[in-house]
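# Architecture and fold: a report
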Amino acid sequence: GTGFRPMDGNVQVLDKRLGSYSFQHYNVGFYTPLFTKSWFRKDSVSLANFHFLFTMNLNSSIPQFTGLDDHRLFKFGMGLRGIYNTGKNWIWFFDASPYSVGDRKNTKATREGRYASILVASWSNNPNFCLRMGVTRTFLFGDRLHLPVVGLRFGRLDDKYISILFPRQVTAAWVINKNFTVSAFSKPFGGLYRFSNSDTLYVDPTVKVLEFGRWELTNGLRVDVNAGSNVSFFVSAGRYINGKLAFASPDFKNNNRPFARLGTF
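Every residue gets a number counted from 1 within its own chain, in the order that chain's sequence is written. Only residues with pLDDT of at least 70 are given local features in this predicted model, and only at 80 or more are side-chain atom pairs given and counted; all residues enter the totals for whole chains, interfaces and linings. Side-chain numbers here rest on the full set of heavy atoms in the structure, without hydrogens or water.

## Regarding the overall build of the chain
Going along the chain from the N terminus, every DSSP run of H or I of four or more residues is numbered as a helix, and every run of E of two or more is numbered as a strand. Regarding its fold elements, the chain presents two helices and twelve strands. Reported as C-alpha extents along the three principal axes, the dimensions of the chain are approximately 70 × 30 × 30 Å. Long-range contacts, defined here as pairs at least 24 residues apart, represent 52% of the contacts in the chain between residues at least 6 apart. For the area figures, the Shrake-Rupley method with a 1.4 Å probe applies, and any residue is considered shielded solely by the protein chains shown. Summed over all atoms, the accessible surface of the chain reaches about 15600 Å², with 59% contributed by carbon and sulfur. Counting rule applied: Lys, Arg positive; Asp, Glu negative; His and chain ends not counted. Note on charges: their place is set at NZ of Lys, CZ of Arg, CG of Asp or CD of Glu. Charged side chains of the chain number 33 positive and 17 negative; the gap between the two group centres comes to 6 Å. Only heavy atoms matter for contacts: two residues are in contact if any of them lie within 4.5 Å across the pair.

Here is the structure:
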């Protein structure tokens, strides 16, 4: 745990009130195919395919401030994912993920529905190069953002490659064999949570709910294991740098506008 760097608002008072900080995060999720189809294009050589999947994710996060009571934040979502390979140079990827967030300290007041989404087109006419472009609605940086997606890949996916996908991840990978892949990564990790104001962190006691945003840059190593045609898993570990936190009240600045950047106190 650490103290907090001055940013906006009455920082000295908040720093003393919050105390030191740690964060625990638990996540479980899965996806399963709903529909898959492959077909030959008109040239009778190129094979196109389409995959439609159902996704589910459950997240429990516990931010611990020595100056506040414990808060157990939750996120539960179900979504749909589509992948379309034209059989030529293009692959299209779409993911829509509606979900609910809240704080179990006051579930009724804090629960809120949200959605995140991403649309990416990937172009390649060479197995050693790929260009990606798209757009995403994300809460990854502790705020509600609409960002462009831009990426490049150099190297073969079945050998050694470097993949850059802003704002998601930078990866350098080595495929040892069909069962093992080792990679180094750097990626942002965070979210925007609903936080009960039961501790009166925000001075107005009539405000029941706060927005709690956090993000950090995580760097580490990952090992992927293919245990068979139907089972795969990975193990990863790393350290984070540049961790940032922010609290916002719904009645502060333009926070009641669903597409505006949050004004933090």
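After presenting the structure, the write-up continues.
## Section: the pairing of strand 11 (residues 209–226)
Pairing between two strands is assigned when DSSP locates at least 2 bridges connecting them. In this sheet, strand 11 lies alongside strand 10 (residues 180–196) in antiparallel orientation, the contact comprising 17 bridges. In the strand pairing of strand 11, Tyr193 is matched with Phe212. As paired elements, strand 11 and strand 12 (residues 232–248) share 15 bridges and run antiparallel to each other. By the bridge assignment for strand 12, Leu217 is matched with Ile241. From the end of strand 11 to the start of strand 12, which pair antiparallel, there are five residues.

## A short note on the environment of Trp39
With respect to the element layout, Trp39 can be found in strand 1 (residues 21–40). On a C-alpha basis, the gap between Trp39 and Gly155 in space is 28 Å, while along the polypeptide they are 116 residues apart. Not counting residues up to four positions away in its chain, the partners in contact with Trp39 are Ser46, Leu47, Ala48, Asn49, Phe50 and Tyr84.

## Side note on the pattern of salt bridges
Whenever Lys or Arg places a side-chain nitrogen within 4 Å of a carboxyl oxygen from Asp or Glu, that contact is recorded as a salt bridge. Across all of its chains, the model carries twelve salt bridges by this definition. Taking the shortest distance from any N to any O, the salt bridge between Glu112 and Arg194 comes out at 3.6 Å. With Glu112 in strand 5 (residues 112–126) and Arg194 in strand 10, this pair connects stretches of sequence that are 82 residues apart. In this structure, Arg156 and Asp158 form a salt bridge, with 3.0 Å as the shortest nitrogen-oxygen distance. Linked through salt bridges whose partners overlap, the residues forming this network are Glu112, Arg114, Arg194 and Glu211.

## Let's talk about a nonpolar patch on the surface
To count toward a patch, a residue needs a relative accessible area above 30% and no salt bridge. Like charges then connect within 9 Å, nonpolar side chains (Val, Leu, Ile, Met, Phe, Trp, Tyr) within 5 Å. Taken together, Trp90, Trp92, Phe94, Leu119, Met133 and Val135 make up a surface patch of nonpolar side chains, about 530 Å² in accessible area. Of all the elements in the fold, those that place two or more residues in the nonpolar patch are strand 4 (90–103) and strand 6 (129–138). By residue number, the principal contributor to the nonpolar patch is strand 4, which donates three residues. Only protein chains enter the calculation, and the probe is 1.4 Å; a residue is then buried if its accessible area is under 20% of its type maximum, exposed if over 50%, and partly exposed in between. The class of Met133 is partly exposed, set by a relative accessible area of 37%.

## Let's talk about the sheet that holds strand 10
Read across the open sheet, the twelve strands follow the order 1-2-3-4-5-6-7-8-9-10-11-12; overall the sheet is antiparallel. Edge positions in the sheet fall to strand 1 and strand 12, since each of these pairs with one other strand and no more. Going from strand to strand, the sheet's axes swing by 15° on average, the running direction of each strand aside. In this structure, strand 1 lies alongside strand 2 (residues 47–65), joined through 19 bridges in antiparallel fashion. Bridge pairing in strand 2 places Phe35 opposite Phe52. Where helices are involved, their axes are fitted lines through C-alpha atoms of the stretch in contact, as for all axes, and angles between N-to-C directions lie from 0 to 180°.

## Digging into the nonpolar core
Among the nonpolar cores identified, the biggest contains 16 residues, and Phe65, Phe195, Leu201, Leu210, Phe212 and Phe247 are the most heavily contacted of them. Of all the secondary structure elements, the ones that give two or more residues to this core are helix 1 (11–18), strand 10, strand 11 and strand 12. Every residue in contact with Phe247, bar those within four places of it in the chain, is listed here: Leu18, Phe65, Phe195, Leu201, Leu210, Glu211, Phe212, Thr264 and Phe265. Only buried residues count toward a nonpolar core. Its members are Ala, Val, Leu, Ile, Met, Phe, Trp, Tyr and Cys residues joined through side-chain atoms within 4.5 Å.

## Digging into the environment of Phe233
Within the secondary structure, Phe233 is located in strand 12. A C-alpha to C-alpha distance of 30 Å links Phe233 and Pro148, two positions 85 residues apart in sequence. Residues in contact with Phe233, not counting those within four places in the same chain, are Val223, Asp224, Val225 and Ala227.

## Structural notes on unusual backbone geometry
Note the cis peptide between Phe166 and Pro167, where omega equals 5°. Take Pro167: it is sitting in the loop between strand 8 (160–166) and strand 9 (169–175). Notably, Thr200 is not glycine yet its phi reads approximately 50°, a positive angle. With respect to the secondary-structure elements, Thr200 resides in the loop between strand 10 and strand 11. In this structure, Asn242 takes a positive phi of about 60° despite not being glycine. Mapping Asn242 onto the fold places it in strand 12.

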